[in-house]
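Structure assessment
One letter stands for each residue in the lines below.
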Amino acid sequence: MNLELCATDLAFRDEVRRFIEAEYPQALRNQEVEPDELTKEDYLLWHRTLARKGWIAPAWPKEHGGTGWTALQRYIFGQELARYDTVPLLPFGINMVGPVIYTFGTPEQKQRFLPPTFSGDIWWCQGYSEPGAGSDLASLKTRAERNGDEYIVNGQKTWTTLAQHADWGFFLVRTNPAAKAQEGISFLLIDLRSPGVTVRPLITIDGTHEVNEIWLENVRVPVENRVFRENEGWTCAKFLLEHERSGIARVARSQRALEHLIDFCATDEMSSPPLLQDPYFARKVAEVQIELLALEYTELRLLTAATEHQAPGPESSLLKIKGSELQQRITELAREAAGHYGIVFPHRRDTRAQPHEAGSSAARRAARVYLNTRKVSIYGGSNEIQRNIIAKRILNL
Amino acid sequence: MNFEFTEEQSMLRQALSAYLNDTCAFEKRQALVRSQPDWRPEIWRGLVDLGILGASFPEALGGTGGGAIENLIVMEESGKVLSIEPYLETVVIGGGFLQRARGSRAEELARGIVAGEVVLAFAHTEPHSRQTPVQLQTTASRSGSHYLLNGHKAVVIAAPWATHLIVTAHTPGAPGVSAFVIDRRLPGITTCDYPTVDGRVASDIYFENVRLDDTALLTEEGAALPLIEQVIDEATAAVCAEALGVMRELHQRTLEYSRQRKQFGRRLGEFQVLQHRMVDMLMHLEQSISATYVATLRLGQDPRERAAAVSAAKAIVTKACAFIGQGAIQIHGGIGLAEEFALGHYFKRATVIEGLFGSVDDHLRRYAQLSFNPRALPA
């Protein structure tokens, strides 16, 4: 047993650092930009920089642009991106639909969709959840009826993250209403510019427009846009859900968030001595920090045990639960640290002037980030569902 | 021992509840919160007509002779509909100061509250005072027959709606703290107004050589601290009462949702893991009700008992707000986070209440000091 990185991995880490320091776009540096303030161009600027370097899709097979890095190197890469507070990379294309296409797609589909997904020319969104199908995703009702070489799609999807920017969506649709829940579902790629597609904003309580509803009314989708066999889309869905969960612990991003909190509490002028010297508060920060340390090595243990290129197993549920709980805990502490300025709401969608003068910007953001982060124990399979998975598949209960 | 409300108190609750459900139901509240101006004086006027604003004032000031229990009732009902009316700031805090202040000006303003003409905000916390100001930076310096007020007050809730402010300041001539009541529009006052997460408004307020005459002073110069502490304890108990209303709604709405929403062919309420969470939410609610009643009924006791009971209540209620609020959101799933849906707004108010008048740590610390250190005074 040995906790140190080997010389190869250390050299790799330094290479990643040098690259970010040299190539991270100037336009994205030194800005106090929150994820909800990022524009489509901001996301794409960083995506394209990495694509040019050949680092945007490390886990993909080499013939489609993957880097051939080990799982540990991919982990180091993610850690370094977090360390430099880079703009987040969206999972929908690279981590979700990309792997489905290169695993289950036809040669034509691979050729048509993988290069623009890699380059950032297609922005994908995920058409999964419906108003009546949340945790119970397989109960989805969006209907696709075969009509010659087309499907006619009708239904409603919801909680679709950043669909307002998307060019294409990957959708789970019901192609056989007579079959048992999981058995009548197909996986369709839908061009969002097709007639009959309407994307409507869903504003959340933090005042931001991050998620959307998508309405599909008699949308005509060529059969060639179906990935894998008709009525067997659940195979793709399950595969994809496990990929979605693999990055969800977000340990490195949480460690950065905690560092920001510690800096704030060590230097802020809202109390004297600074809040971090209050033993009550320091104890709570310490608790989160040691949990994150342990989670980092839990993730590394699981990672080094897993076989290369194998979809992460049910252990990823463990990472998701703990990782999301710690993300939420950090936002609670940040809100507490923000004190009385923690109730300022800079984002109410009306004409009132922005409160530039009231408190520090970190304090003003605290409530919004706290409210927004409630989603992490709900999305990607709620933490209740994750516990069911662990009980069933790890504990065999 | 008796935990019943009197017939008058129950009637007050019913009248207020009917009025608020009529005027501030969720859609109307949201329309109001989004509109300019965001406060409608006619709703406040209706509270005057129903006798709500005078319910906790003595008859000598135009009220009906109630007190802390009436405030509890009004605050709890306000919490149930997420009322944004500045009852806490005007009646509980403003009224708390003015009823006990000396002089005819205070009496006149107290009558003005009951009549609906005077609306107050409490300008106490400062940028450098995370929650409870230890040393105020705002100063009121005597200059001949008047004072000159200078300083910066932070996050003064409901200030844009107020006609008057209660301002605390250090008076260089005398040790200790002084409290003043002043017109909000005096020359030398500038404000930065902004919305708060719970649909209200607040201001940072800057005072620059604001001239106050003697009648603005609420107690002897430098002697306001005991009164400030008493009023903050009363306000803290009142906000705990509001939290009861908010948490009852969060819990009730979650139960209702869990009875109708189906996943995996079963109602959410049939899943044992969710049942247990809702049971724990109920336990937090029941403990909060008890602690809030104890605090409310001990507001008239000596300062040490009063402060310990209030800190006990705020610590319990703050934890309950987080537990019940987060549980309600989790059990609802995505829909709980949608702005169009009422639940998330209850969660936001519960979240704001967590931070008002001190965190769990602040109150546990104060409780421990009062209970285990015989020489400590409330602070």
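Residues numbered from 1 in each chain as written. Chains lettered and ligands numbered in written order. Predicted model: local features only at pLDDT ≥ 70, side-chain atom pairs only at ≥ 80, totals over all residues.

Scanning chain A for helices and strands turns up 11 helices and eight strands. Computed over C-alpha atoms, the radius of gyration of chain A comes to 22 Å, within 12% of the 21 Å expected from 2.2 N^0.38 for 397 residues, which places it in the range of a compact globule. Projected onto its principal axes, the C-alpha coordinates of chain A cover approximately 75 × 55 × 50 Å. (Helix = DSSP H or I, 4+ residues; strand = E, 2+ residues; numbered from the N terminus. Rg over C-alpha atoms; globule rule 2.2 N^0.38 Å.)

What follows covers the overall build of chain B. On a plain count of helices and strands, chain B comes out with 11 helices and nine strands. Computed over C-alpha atoms, the radius of gyration of chain B comes to 21 Å, within 12% of the 21 Å expected from 2.2 N^0.38 for 379 residues, which places it in the range of a compact globule. Its C-alpha atoms give chain B principal-axis dimensions of about 80 × 50 × 40 Å. The buried share of chain B, reckoned over its 379 residues, is 52%. Of the contacts made within chain B by residues no fewer than 6 positions apart, 73% connect residues no fewer than 24 positions apart. (Buried ≥ 20, exposed ≤ 12 C-beta atoms within 10 Å, placed from the backbone. Contact = placed C-beta atoms within 7 Å.)

Glancing now at the pairing of strand 4 (residues 168–174) of chain A. A regular strand carries its side chains on alternate faces of the sheet. Residues and elements named next belong to chain A. Most of strand 4 is tucked away: seven of the seven residues are buried. Here strand 4 shows no split at all, with W168, F170, L172 and R174 on one side and G169, F171 and V173 on the other all buried. Relative to strand 4, strand 1 (residues 124–127) is paired through four bridges, and the arrangement is parallel. Its bridge partner lying in strand 4, W124 is registered against W168. Where strand 4 lies against strand 5 (residues 185–191), seven bridges are found, and the strand directions are antiparallel. (Pairing = 2+ DSSP bridges.)

Another aspect to go through is the environment of L297 of chain B. Looking at the secondary structure, you find L297 of chain B in helix 8 (residues 272–297). Considering only alpha carbons, one finds L297 of chain B and I69 of chain B, 228 residues apart in sequence, at a separation of 7.6 Å.

If you look at the interface, chain B gives 32 residues, while chain A gives 36 residues. Considering every element that reaches the side of chain B that touches chain A, the biggest residue donor is helix 10 (residues 343–355) of chain B, with six residues. Taken together, the residues of the side of chain B that touches chain A sort by class into 12 nonpolar, 13 polar and seven charged. (Nonpolar A, V, L, I, M, F, W, Y, C, P; charged D, E, K, R; others polar.)

As a further point, take the domain arrangement of chain B. Residues and elements named next belong to chain B. Along its sequence, chain B is carved into domain 1 (7–118), domain 2 (121–216) and domain 3 (225–372). Taking the mean C-alpha position of each, domain 2 and domain 3 sit 30 Å from one another. Each partner contributes residues to the interface: domain 2 has 10 residues there, and domain 3 has 11 residues. Taken together, the residues of the side of domain 2 that touches domain 3 break down into three nonpolar, six polar and one charged. (Domains from an automatic or database assignment.)

Turning next to the confidence of the model for chain A. Per-residue pLDDT for chain A averages 91, and the proportion of residues at 70 or more is 92%. Contacts from residues 348–355 of chain A, a stretch scored under 50 in pLDDT, to residues over four places away or in other chains number 13 contacts. (pLDDT = per-residue confidence, 0-100.)

Residue and element names in this part refer to chain A. In terms of domains, chain A is made up of domain 1 (7–89), domain 2 (124–232) and domain 3 (247–394). Counting from both sides, the interface comprises 10 residues of domain 1 and, opposite them, 10 residues of domain 3. Within the side of domain 1 that touches domain 3, the residues separate by chemical class into four nonpolar, two polar and four charged.

Turning to helix 4 (residues 91–104) of chain A, a few remarks are in order. Residue and element names in this part refer to chain A. With 14 residues, helix 4 should reach 20 Å at 1.5 Å per residue; the first-to-last C-alpha distance of 18 Å fits that figure. Taking the largest bend as the criterion, helix 4 deviates by roughly 40°, centred on V97, and proline P99 comes between one and four positions later. Burial analysis of helix 4 places 11 of its 14 residues in the buried class, the great majority of the element. Turning to helix 4, its buried residues number three or more, namely P91, F92, G93, I94, M96, V97, G98, P99, V100, I101 and Y102. (Expected span 1.5 Å × (residues − 1). Bend = angle between axes of the 7 residues up to and from the residue.)

All names here are of chain B. Orientation of helix 7 (residues 225–260) relative to helix 10, taken along the N-to-C sense of each, is 150°, at an axis distance of 10 Å. Between helix 7 and helix 10, the crossing angle belongs to the class labelled roughly antiparallel. Crossing of helix 7 over helix 10 shows left-handed handedness. On the side of helix 7, the interface is formed by V239, E242, A243, V246, M247, E249, L250 and R253, while helix 10 contributes L343, Y346, F347, R349, A350 and I353. A breakdown of the residues in the contact of helix 7 with helix 10 according to their chemical character gives 10 nonpolar, no polar and four charged. (Axes fitted to C-alpha atoms, helices over the stretch in contact; angles between N-to-C directions. Parallel < 35°, antiparallel > 145°, perpendicular 65-115°, else oblique. Left-handed = near helix turned anticlockwise from the far one by under 90°.)

A few words now on the pairing of strand 5 (residues 177–183) of chain B. Most of strand 5 of chain B is tucked away, with six of its seven residues classed as buried. Adjacent in sequence and paired antiparallel, strand 4 (residues 164–170) of chain B and strand 5 of chain B are bridged by six residues, among which G176 of chain B carries a positive phi angle near 95°.

We now examine the confidence of the model for chain B. For chain B, per-residue confidence averages 94 on the pLDDT scale, and 98% of positions sit at 70 or higher. Two summary scores accompany this predicted model of the complex, namely pTM at 0.96 and ipTM at 0.95.

Residues and elements named next belong to chain B. As a packed pair, helix 9 (residues 303–332) and helix 11 (residues 360–372) sit with axes 8 Å apart at the nearest point and diverge in direction by 150°. As summarised for this structure, helix 9 and helix 11 are arranged roughly antiparallel, according to the angle between their axes. As helix 9 runs across helix 11, the sense of the crossing is left-handed. Residues R304, A307, A308, S311, A312, K314, A315, T318 and K319 of helix 9 pack against V360, H363, L364, R366, Y367, L370 and S371 of helix 11. For the contact of helix 9 with helix 11, the per-class residue count stands at eight nonpolar, four polar and four charged.

Before going further, it helps to examine the environment of P160 of chain B. Residue and element names in this part refer to chain B. Positionally, P160 belongs in the loop between strand 3 (146–157) and strand 4. Looking at P160, the number of C-beta atoms within 10 Å reads 20, which means it is buried. Expressed as a C-alpha distance, the spacing of P160 and R200, which sit 40 residues apart in the sequence, is 9.9 Å. In this structure, P160 is in contact with D193, V201 and S203, ignoring residues within four places of it in sequence.

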